Amino acid sequence: MTLEEQVSLLAGADFWTTVAIPRLGIPAIKVSDGPNGARGGGSLVGGVKAASFPVGIALGASWNPSLVEKIGGALAEEARSKGASVLLAPTVNIQRSAVNGRNFECYSEDPCVTATLATAYIEGLRNGGVGATIKHFVGNESEIQRTTMSSDVDDRALREIYLPPFEAAVKTAGVFAVMSSYNRLNGTFTSEHKALLRDLLKDEWGFSGIVMSDWFGSHSTAPTVEAGLDLEMPGPTRDRGDKLVAAVRAGEVAADRVREAARRVLTLIERVGGFDTPDIPAERAIDKPEHRALIRRAGAEAIVLLKNDGILPLDLAGQTIAAIGPNAEAAQIMGGGSAQLNPHYAVSPADGLRVLTSENQLRTAPGVTANRLMPLISGPFEVDVYGRPDLTGPVVEHQSHPLGEVMWFNEVAPGVADAEFSLRATTRFTPSETAEHVFGLVSIGPSRLIVDGRTVVDIRKDWAPGDNYFECGNREVRGTIALEAGRTVDVVVEYRFVQAITLNLKAIRVGVAVPLGDKAFADAVELARASDIAIVYAGRSGEWDTEGNDLPGIALPGRQDELIAAIAAVNPRTVVVLQTGGPVAMPWLDKVGAVVEAWYPGQEAGNAIADVLTGVAEPGGRLAQTFPRSIDHTPVETGDPSTYPGRDGHVVYREGVFVGYRHYDKAGIEPLFPFGHGLSYTSFDWQAPSVDKPVFDGEGTITVRVRVTNNGARSGSEVVQLYVAPPTSRVDRPVKELRAFAKLLLAPGETVEATMLLSPRAFSYFDVERNAFVAEKGRYRLIAAASAAAAKGSVDIELTREIVEVVSARLRH
Ligand code: BGC
């Protein structure tokens, strides 16, 4: 291969594919987001339909690696249906705060849960012939100033908390690809962080796959190549190509570095079978019954029964049911951002109940709204693109777009530069009531909204990037206009683009609604009063839980808390179904009969929720993230902006290893619901754990066994959580740390033994001075527990000598 050919492999050809070299028979391969499905190419909205699986936090709550491996297998089929041989997943950043916009994409606050599930996911994909891209390496725990922020993390926290999922993916699962993060780590962009990419990942861990940048997250030529970033994404290249060839010729980049990176890209192409099937097929939608069934089962396995006074499971026979709340008729199936896709279908909670009830048994009422943006107008948009920025001259292209939101990843029309175009997008809207209508406008660049010939929103002069579209779109601006029922009006957006936006994205979004007022609230309360059972479907949506934007807090949006309290006051049989991508405060908790957290469970949402509510399925989930009583109880919301959301471009992980339950244990703060918590519809007896080596010299592993009996009348699942509590140490160590777990499924009366292995690492902390994992000599307590706050039994082991595992890379420099 010539130098130019080698270099050509080191950046994408376009948004989703690598560069082919026909002369050498080297094919291109395609990648796709990831992680809760395979969206395929094109834009984030309106693509070829795809199966929508439970999001990361739901899989985390399943605590079930074999289920996650099956999902990996199904995702491999989905990826292939989109022509992709590499999926941009899993996301394994740690749930450090309660408000990270991508909290929903991540599995857990705990590295053991995250690493175990990530490994299973990667193996499932690989067995299906598709490569995983574990992301985002590393320190991407917030979306604030996400492309520039430095996460300042000490080596101990990195080694003990943030790196283990990546380490397991490399060493245990042999992952094919790693995506560097957008953020800087201790001041250096991770895409050019040599200690991270070369010294740690490639040299110390022996990673043989490729490192690719996050999209537009590579910022230099020589530093990224020298540091070990193999592939710049997306293409066409900005930093490589001729620039890299020149840098090699000038001696700024070693030719061997380029060669090594090219070899890694070729190895990836070979590993995913690119040479065997060189053509990338067209995208297809494959809506398989097996995938439907798997998604439904996984949804139920992820649902956490937080509280139950005995009202659940529901017997619907002869009962009238009120399905209330903003999420009753809306199917909240996924979070927002690059993980979103166009689902085959989406079952709402009310639809899930409708198939189980007769018409006069079930009634619904929203009561309040919970949206962050005005509800999307239905579209379609007809778009006239002009070749000048001021809507003059001829129309260079006419386009039709199916939705009320239009996004362009590449140039808006062929041959028209981003700085040059302007466009006029028109849709028609027929009001269903005569009322004051509120319109909302978001765009990436200046725009205005004209309804029925009147300018309702004008952000041509004051447009500024805000909290939409990955920090590239403005904060939604709203305007009102009175409209008449049945009289159709034209809704027009005039739009142009301004450069200086990290992503090359262009987008417009129009929302409209007549706000729900006190009458809707009162109607919902009346309905609850008149029904035997009231189920409130509350929570958030992918507008809140989204990439590009952290949450404002953990209170339910809008008037939902007020609504739940009002419903509970009139109906003693009130059940709350939450759907969020992370913790929520529950000021009404004592007043309601039961609470379940259903997350974003994918396209079968309503069916999975109904399965659990009616007892067809066991609520199989356990929290993999602590739910605090209040946002200021988290380890990062300390009131000091440097720990969150960051100050002067740095967010300091001052809490060190005390993340999640490690923090609550240390601070003595009782959370609302502890890590690991989740109830069952049956009950269990636990026996004390036993070990094969009560005296351990550090050779091999210790086997821990815990016997659990289902003493109830229904089958059910229990998660045996094994925490290790260290002896008094020379460093400040967590009270206890999860080191293994096992999910058991038990028939009535059945006893099953959980078997878990502990290696010396399970007893170690990371000693920064010695650059080593160190397990001190002494007595360790192994605690078998049903949550971080529910110990069921323990056994002590004696470690007879100090075990030191020296590592080579030093990250902080
Ligand atoms: C996200 C990645 C994603 C990529 C491609 C980025 O904005 O951070 O997770 O894979 O876009 O869509």
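The rules behind each value
- Residues numbered from 1 in each chain as written.
- Predicted model: local features only at pLDDT ≥ 70, side-chain atom pairs only at ≥ 80, totals over all residues.
- Heavy atoms only, no water.
- Near = heavy atom within 4 Å.
- Polar contact = N/O pair within 3.5 Å; in protein donor to acceptor, adjacent residues only side chain to side chain.
- Areas by Shrake-Rupley, 256 points an atom, 1.4 Å probe, with all protein chains shown as cover.
- 1 Å grid on protein atoms, 1.4 Å probe; cavity = no way out; pocket = protein on both sides within 12 Å on 5 of 7 lines; lining within 4 Å.
- Sits in = over half its atoms within 2 Å of the grid points.
- Points joined across faces, edges and corners; volume = space filled by probe spheres on them.
- Nonpolar A, V, L, I, M, F, W, Y, C, P; charged D, E, K, R; others polar.
- Domains from an automatic or database assignment.
- Contact = heavy atoms within 4.5 Å.
- Buried area = accessible area lost by both parts, 1.4 Å probe.
- Salt bridge = Lys/Arg side-chain N within 4 Å of Asp/Glu carboxyl O.
- Helix = DSSP H or I, 4+ residues; strand = E, 2+ residues; numbered from the N terminus.

Caption draft 1: Spotlight on the site of the ligand. Looking at the ligand, there are 13 residues lining it, with Asp-33, Arg-102, His-136, Asp-214 and Glu-547 nearest. Contacts to the ligand include Arg-102, whose side-chain N or O atom sits 2.7 Å from an oxygen atom. Between the ligand and the protein, one listed contact pairs an oxygen atom with a side-chain N or O atom of His-136 at 2.7 Å. Here the ligand loses 96% of its free accessible area of 310 Å² to cover by the protein chains. Comparing atom positions with the cavity grids shows the ligand to sit within the largest cavity.

Caption draft 2: Expanded view of empty space enclosed by the protein. In total, this model carries five cavities of 30 Å³ or more according to the counting rule given. For the largest cavity, the lining is made up of 22 residues, of which Asp-33, Tyr-182, Trp-215, Ser-338 and Glu-547 are closest to its centre. A per-class count over the lining of the largest cavity returns 12 nonpolar, three polar and seven charged. Per-domain counts for the lining of the largest cavity show at least three residues from each of domain 1 (3-271) and domain 3 (381-513).

Caption draft 3: Looking closely at the domain arrangement of the protein chain. Along its sequence, the protein chain is organised into domain 1 (3-271), domain 2 (289-370 + 519-641 + 658-667), domain 3 (381-513) and domain 4 (684-806). The centre of domain 2, based on its C-alpha atoms, is set 33 Å off from the matching centre of domain 4. Taken together, the 11 residues of domain 2 in the interface contact 17 residues of domain 4. Buried surface at the junction of domain 2 and domain 4, both sides included, amounts to about 1,100 Å², of which 43% is carbon and sulfur. Together, Arg-622, Tyr-661 and Arg-662 form the three largest contributors to the area buried by domain 2 at its contact with domain 4, with a combined 43%. The tally of links from domain 2 across to domain 4 stands at five salt bridges. Summed over the shared surface of domain 2 and domain 4, the result is 10 residue pairs in polar contact (both at pLDDT 80 or more). Counting residues per element, the side of domain 2 that touches domain 4 draws most heavily on helix H16 (residues 661-667), at four residues. Across the side of domain 2 that touches domain 4, the residue classes break down as three nonpolar, two polar and six charged.

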